[in-house]
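Listed here are the chains, written in short residue letters.
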Amino acid sequence: MDTLINKVRELSERTPDKEAVRFKKEVLTYKELYSAALKVSSRLKDYGIKKGDRVSFSAVSKPEMVVTYLALQLMGAVSVFLDKNATPAGMKDIYQESGSVHLFTDKPMKEYAEGINISSLRDLCRDLVGEENAVGVDSNINPDSSGEYRLLWDENDISEILFTTGTTAKPKGVMLSFGAVYNILSNTIIGTGIQESDIMLLPLPLNHSFALRVLRAVLYSGATLVLQNGFTFAKEVENNITAYSCTAMAAVPASYEVMRSQMQDEFSRVLGGLRYLEFGAGSLSPRQRRELISLLPGVQIFNTWGSSESGGAIFCNVNEVVSDDNKISALGRPLEGRVEVKTLDSDGAEVKGDVDNPGRMAIKGDMIMSGYWNNPELTQDTIRNGWLLTSDMIYKDEAGYIYMLGRADDIINVGGEKVSPIEVEDIASGYTGIKECACIGVDDPDDMLGQIPVLFYVADSTYSEAELIKYLSQKMEKYKLPKRFVALEEVPRNRMQKIDRRELHRLWENQDDLDLMNPVMQAILSRRSIRRFTEKDIPENILEMILRAGYHAPSGHNMQSWRFTVLTKQSDIFRLKEAAREAAERNKVHFYGFENPKVIILVSNDDRNPDGCQDASCAAENIMLAAASYGLGSVWLNPLRTLRNEEPVKSVLDSFDIPANHTVWSTVALGYPTHQGQSLKKKENVVRYI
């Protein structure tokens, strides 16, 4: 049996100077990585840790996490990964649940530290690069009869435990043996074709099975791993891809929307140079698949199904299915010769199944888990005769493609007819007014159908419920049509950006909260910044109403000393844009620009008014909200505030008769949007009740 640490040892000799792991300026070559793992394994022994011990540690997106993981493999100890954002209480729960002998973290545990052996992960991994230290290696790795070095652990020995909440509140500890870990990484290499020359950008939480299997596969292949702490800022993705010449990236479907919105026209340029892009922890919608292939025509797109219990096992080559309307929503196909999938009825008998009669998915292969930690009953219910029984409802077509309809407890029973929430979501997401949506089944209030589908959605200003119903009616059977439509600020998602259906059910049960979402609040919560616009003109009467919203804003002491300069000629807009760009470059002012707005409104105010900034800000916000209510997009641009008296901006603004003693506090670009703005996560911890 081979292992990841064996391969890293081999690579440390074959390609010693090649970069193995990078995080910003922290870099470890393969030689340094293996040497660091030896050092840390020696230090772990000093803590009294031995083979078979469970060790909990924070899975931070840094080289120290990778080194600790490999060091524990060297020792035959069991890795217990902790979410780097976990609360102290959550970390203690998993530490105790797993029976760990030590916890390595740099998060303050405070009152939760009692009864726990805690040490600093940073101190454990201090001074990784330097004098080599091979203490203890001879006891764990020895050459076999062929002269090859192999780790002396049995393939059935447990290597790691992944704790996942799944669909229950109590964490489940998924036990993976050394053999399972090896087969999981092998499946990923085969399924996506990772090459030794690849440089993989990994911006995912490293306690999650998707990120871990990518991490293992990259290092086993001798490729380079570039770590990044999440997708919050797409600019960081661009910087890493550019600086380190990344050829691949792993992502989740929700992160595509974040990058698409933040990068806008730069999306294709930034990601277009990748060799491949893998999406996991959720399925891309048909719309997303078509968009990706269109935007990144030279990039191989994979969408992988996997779980903590199996690793990645079903792979979809999106480039191959995107042109086939029947296959575009496919989950993918299991790896031939390595993974088996069958469909079971409610009695556990194998059935063929189809879209109207799906079955429960069972999966088999050398990659499946050994069982759940300290839960033999659940293990027995989940693994039967070598088959891993899932809660996913599927069917297969003649070509072997698998189609997911949802988890068994998510399938909606409408008068005896089965409705897939995923199918409803895939179809509804194709309607232009929907930014994102999620479907659940709830008890029929009329007590006639058992359950009814409810669609939660985030919409833009073009949304019309009547038009959506018409759209859906043309694309699905009547019994599948949602009976209620609920507007949200954002669809609730879990740590890996999967739809949180339990939270949707909770929202449904609190109807009073849902009813608070009136048209005014929906307009405020759904407005997004738009920088690219269509060629459609803004009607004069609508523009006049938008301007009325501006000068009806509150004004300090009712001075109303503002001015609204409206540019409607493309020549004037272009002249201002070029002047601002030139002055911004010379003065090192950020200028993100705008594409082709039909109108620009310059909101200025008299410098003698001490409330000028506040007055202009209120007016600009009114203008943008009013624009959104009419289906228009808008963006607030700031550079003219600091460039008012810089040439050539000054000359252009003077030509518009803006008084010399006026500061242009806001530049609002308006037009009909070409794309949906991204719903970005808002900080909720900024409110303090006294």
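Reading the values: rules and limits
Residues numbered from 1 in each chain as written. Predicted model: local features only at pLDDT ≥ 70, side-chain atom pairs only at ≥ 80, totals over all residues. Heavy atoms only, no water. Phe/Tyr/Trp six-rings, centres within 6.5 Å; stacked < 30°, edge-to-face > 60°. Helix = DSSP H or I, 4+ residues; strand = E, 2+ residues; numbered from the N terminus. Buried < 20%, exposed > 50% of the residue type's maximum accessible area, 1.4 Å probe, protein only. Pairing = 2+ DSSP bridges. Axes fitted to C-alpha atoms, helices over the stretch in contact; angles between N-to-C directions. Contact = heavy atoms within 4.5 Å. Salt bridge = Lys/Arg side-chain N within 4 Å of Asp/Glu carboxyl O. Patch = residues over 30% accessible without salt bridge, like charges linked within 9 Å, V, L, I, M, F, W, Y side chains within 5 Å. Areas by Shrake-Rupley, 256 points an atom, 1.4 Å probe, with all protein chains shown as cover. Expected span 1.5 Å × (residues − 1). pLDDT = per-residue confidence, 0-100.

1. Description of the packing of aromatic side chains
Logical step 1: The tally for this structure, following the rule as stated, stands at 11 aromatic pairs.
Logical step 2: Here Tyr-47 and Phe-104 contribute two aromatic rings whose centre-to-centre distance is 5.3 Å and whose plane-to-plane angle is 80°, an arrangement assigned as edge-to-face. Of this pair, Tyr-47 sits in the loop between helix 2 (30-46) and strand 3 (54-58) while Phe-104 is found in strand 5 (residues 102-104), placing the two residues 57 residues apart along the sequence.
Logical step 3: We classify Phe-104 as buried; its relative accessible area is 0%.

2. Here we look at the sheet that holds strand 31 (residues 599-606)
Logical step 1: Ordered by their spatial adjacency, 4 strands build an open sheet running 30-31-33-32, and the pairing between neighbours is antiparallel. Only two strands of the sheet have a single partner each, and these edge strands are strand 30 (562-567) and strand 32 (633-637). Neighbouring strand axes in the sheet, compared pairwise and without regard to direction, differ in orientation by 20° on average.
Logical step 2: Both strand 31 and strand 33 (residues 662-671) contribute to a ladder of 8 bridges, which runs antiparallel. For Val-599, the partnering residue across the bridge sits in strand 33 and is Leu-670.
Logical step 3: On the sheet, helix 20 (residues 540-551) packs against strand 30, strand 31 and strand 33 and is oriented at approximately 160° with respect to strand 30.
Logical step 4: Strand contacts of helix 22 (residues 612-629): strand 30, strand 31, strand 32 and strand 33, with the helix running at about 5° to strand 33, the strand carrying the most contacts.

3. Here we look at the pattern of salt bridges
Logical step 1: One pass over the full model with this rule turns up 36 salt bridges.
Logical step 2: Salt-bridge contacts for Glu-257 lead to Arg-287; the nearest nitrogen and oxygen are separated by 2.8 Å. Of this pair, Glu-257 sits in helix 10 (residues 253-263) while Arg-287 sits in helix 12 (residues 286-295), placing them 30 residues apart in sequence.
Logical step 3: Here Lys-327 makes a salt bridge to Asp-397, at a shortest N to O gap of 3.9 Å. Taken together, the positions of Lys-327 in the loop between helix 13 (318-321) and strand 17 (333-334) and Asp-397 in the loop between strand 23 (387-396) and strand 24 (402-407) put the pair 70 residues apart, joining distant regions of the chain.
Logical step 4: Judged by relative accessible area, which is 21%, Lys-327 ranks as partly exposed.
Logical step 5: Among the charged side chains, a network of salt bridges with common partners joins Lys-7, Glu-10, Arg-14 and Glu-196.

4. Looking at the sheet that holds strand 27 (residues 434-443)
Logical step 1: A sheet is described by the order of its strands in space; here 3 strands give the open sequence 27-28-29, paired in mixed fashion. Edge positions in the sheet fall to strand 27 and strand 29 (484-487), since each of these pairs with one other strand and no more. Going across the sheet, the axis of each strand differs from the next one's by a mean of 25°, ignoring polarity.
Logical step 2: Where strand 28 (residues 451-459) meets strand 29, 4 bridges bridge the pair, whose relative direction is parallel. Note on strand 29: the bridge partner recorded for Tyr-457 is Ala-487.

5. A look at a nonpolar patch on the surface
Logical step 1: A contiguous nonpolar surface patch, about 250 Å² in accessible area, is contributed by Val-520, Met-521 and Ile-524.
Logical step 2: As for its position among the elements, Ile-524 is in helix 19 (residues 519-526).

6. Notes on helix 8 (residues 209-221)
Logical step 1: Compared with an ideal rise of 1.5 Å per residue, which puts 13 residues at 18 Å, helix 8 spans 18 Å between its outermost C-alpha atoms and is within 8% of the ideal.
Logical step 2: Taken across its 13 residues, helix 8 has 13 buried, putting it largely inside the fold.
Logical step 3: Following helix 8 by one or two positions, Gly-222 adopts a phi angle in the positive range, close to 80°.

7. Regarding unusual backbone geometry
Logical step 1: Look at the link from Glu-647 to Pro-648: it is a cis peptide, with omega at 0°.
Logical step 2: Examined against the element boundaries, Pro-648 turns out to sit in the loop between helix 23 (640-643) and helix 24 (649-655).
Logical step 3: Although it is not a glycine, Ala-281 adopts a positive phi angle of roughly 60°.
Logical step 4: Position of Ala-281 among the secondary structure elements: in the loop between strand 14 (276-279) and helix 12.
Logical step 5: The buried category is assigned to Ala-281, whose relative accessible area is 13%.
Logical step 6: One non-glycine residue, Asn-385, lies in positive phi territory at about 55°.
Logical step 7: For Asn-385, the location among the structural elements is in the loop between strand 22 (383-384) and strand 23.

8. Quick word on the confidence of the model for the chain
Logical step 1: When pLDDT is averaged across the chain, the result is 87; 92% of the residues are at 70 or more.
Logical step 2: In the predicted structure, residues 133-139 sits below a pLDDT of 50 and forms 13 contacts with residues beyond four places in sequence or in another chain.

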